[in-house]
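Overview (structure and organization)
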Amino acid sequence: MSTGRGEQVVVDTHFTTIHTLGKQDGNEGRRLRYMQKDGRFPVVFLKAPGDWSLFLMDIFTTLVEIRWRVMLLVFSLSYILSWLFFGLCYWLIAYVNGDTGDAENEPCVYNVRGFTGAFMFSMETQATIGYGFRGTSENCIVAVILVTVQAVFSCLLDTIVIGAVVAKMASARKRAQTVGFSSCAVVNLRDGALCLSWRLGDFRGNHILEGVARAQLVRYVKQPQGTIVMSFQDLDIQNRDVVLPTPATIIHKMEPGSPLYSLGHDDLLGDEFELVVSFTYPGDSTGMLHQTRTSYTPADIRWGQRFEDMLRPGKRHYKVDYALFNETTWVPVPPLSAEEHDREKCPVERSQSHGSLRPSVKRNGHAGQLNRDITEEVIHQTCF
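First, a word on scope: everything that follows refers to the structure included in this document. On a predicted model such as this, the values are computed, not experimentally measured, just so you know.

Positive phi outside glycine occurs at N111, with the angle close to 60°. On the secondary structure map, N111 appears in the loop between β4 (109–110) and α4 (115–126). Phi at T128 is positive, roughly 55°, even though this residue is not glycine. Relative to the assigned elements, T128 resides in the loop between α4 and β5 (135–136).

What follows is the structure in structure tokens.
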């Protein structure tokens, strides 16, 4: 794997399978997504190096990432099994010392004559309940050492299990669900240049003060040998550092050097790529680092549209209408690529300097007039 612009990664399908969640992988004409809209990667490891050893080496992270039902099962079993183990040890001590058969014998642990009593004493010791009915005798050093070992073990177990539960409750994924991207991206003119843009918003009241936005264009081609060649290209975006008290529009200018520079309206519909966008930011309440991400395919990009305005000034506050977060409006945009549009601007500017108001444009072998004073249509569309 190499890094930098235009890097390529070869993925061997013997180890990794990419599939679409909730759909049949064999559907003809359906291209697999590199990333789902909710930010998940549809990648399944068929044979990971090291198997389970990698998960056991980082057991704390494994506990934080497992599902809640599995976490509750691990939480319960860790305590029950430890109580059973130490209870069995106390019962063995009582059995060897003869406490189980002779009631008059000086016991190692008072009122422990069987396994049930040993289990109860183990649970009382580890949970620091201490009812006072059972206790170790000072004449049995083995029982005293075992109680000491169990007390230290219980502190270690509480630290790991309870710490993992608290970390899981404060997981960054929950905060990431309250920061979202628009369900579509749009292409329109900004200051005379074609731009690709998408919208980013924070849905919580305690707004994010700072974050970094990023975008990558992902293409992949399946080879006859069964491998997949993937290429990643970074997109330069304006105002990468985002302050998010109000929704922000992330803009990529389709200029020379952009992988989208030569794509027009018709070319965009026939191309195959995936635009992966992300927003990384620290939580204002916890200070933890969060990331929200999604992806756009060519079908998710609306040509000749812009996002509806959401921000309205009030008497004391700025009002943001999130009902318009995914709403778009049609605007006049030529169906030309940014490269063709830049070539046309030079004769347009020269002709306008000589008094020409309507320059001619030639595309697909047909000549026509490009009217730059078209009245904006009031047509609304919601991204799905």
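Next comes the rest of the description.
Within the largest apolar cluster, 33 residues are counted, with the highest numbers of intra-cluster contacts made by L196, W198, L200, V242, L275 and F279. For this core, the secondary-structure elements that each account for two or more residues are β6 (179–181), β7 (185–190), β8 (193–202), β9 (208–222), β11 (241–244), β12 (248–253), β13 (274–282) and β15 (301–303). With residues near it in sequence (within four places) discarded, L196 still touches A185, V186, V187, I250, I251, H252, M254, L260, L275 and I301.

Each packed pair of helices is defined by two parameters, the angle between the axes and the distance between the axes. Packing of α4 against helix α5 (residues 141–169) brings their axes to within 9 Å, and their N-to-C directions diverge by 55°. Regarding the angle of α4 to α5, the classification is oblique. Crossing hand, α4 versus α5: right-handed. Where α4 approaches α5, its residues F121, S122, T125 and Q126 are matched on the opposing element by V147, Q150, F153, S154 and L157. Of the residues in the contact of α4 with α5, the class split is four nonpolar, five polar and no charged.

A word on α4. In a regular helix each residue adds 1.5 Å, so twelve residues correspond to 16 Å; α4 covers 16 Å between its end C-alpha atoms and thus fits that length. Where α4 is concerned, the buried positions are G117, A118, F121, S122, E124, T125 and Q126. Structurally, α4 contributes buried residues whose contacts are with α3 (68–97), β4, β5 and α5. Residue T128 follows α4 closely and has a positive phi angle near 55°.

The subject of this paragraph is the packing of α3 against α4. Put simply, α3 and α4 touch, their axes get as near as 8 Å, and they point 125° apart. In terms of orientation, α3 lies oblique with respect to α4. By crossing handedness, the relation of α3 to α4 is classed as right-handed. Across the interface between the two elements, Y79, S82, W83, L84, F86, G87, L88, Y90 and W91 of α3 pack against F115, A118, F119, F121, S122, M123, T125 and Q126 of α4. Looking at the contact of α3 with α4 residue by residue, the class counts come to twelve nonpolar, five polar and no charged.

As a further point, take the pattern of salt bridges. Considering all chains together, one arrives at four salt bridges under this definition. R134 serves as the salt-bridge partner of E124, at 3.2 Å between the closest nitrogen and oxygen. Here R134 lies in the loop between α4 and β5 and E124 lies in helix α4, a separation of ten residues in the sequence. Residue class for E124 comes out buried when judged on its relative accessible area of 5%.

About the cut-offs
- Residues numbered from 1 in each chain as written.
- Predicted model: local features only at pLDDT ≥ 70, side-chain atom pairs only at ≥ 80, totals over all residues.
- Heavy atoms only, no water.
- Helix = DSSP H or I, 4+ residues; strand = E, 2+ residues; numbered from the N terminus.
- Core = buried A, V, L, I, M, F, W, Y, C linked by side-chain atoms within 4.5 Å.
- Buried < 20%, exposed > 50% of the residue type's maximum accessible area, 1.4 Å probe, protein only.
- Contact = heavy atoms within 4.5 Å.
- Axes fitted to C-alpha atoms, helices over the stretch in contact; angles between N-to-C directions.
- Parallel < 35°, antiparallel > 145°, perpendicular 65-115°, else oblique.
- Left-handed = near helix turned anticlockwise from the far one by under 90°.
- Nonpolar A, V, L, I, M, F, W, Y, C, P; charged D, E, K, R; others polar.
- Expected span 1.5 Å × (residues − 1).
- Salt bridge = Lys/Arg side-chain N within 4 Å of Asp/Glu carboxyl O.

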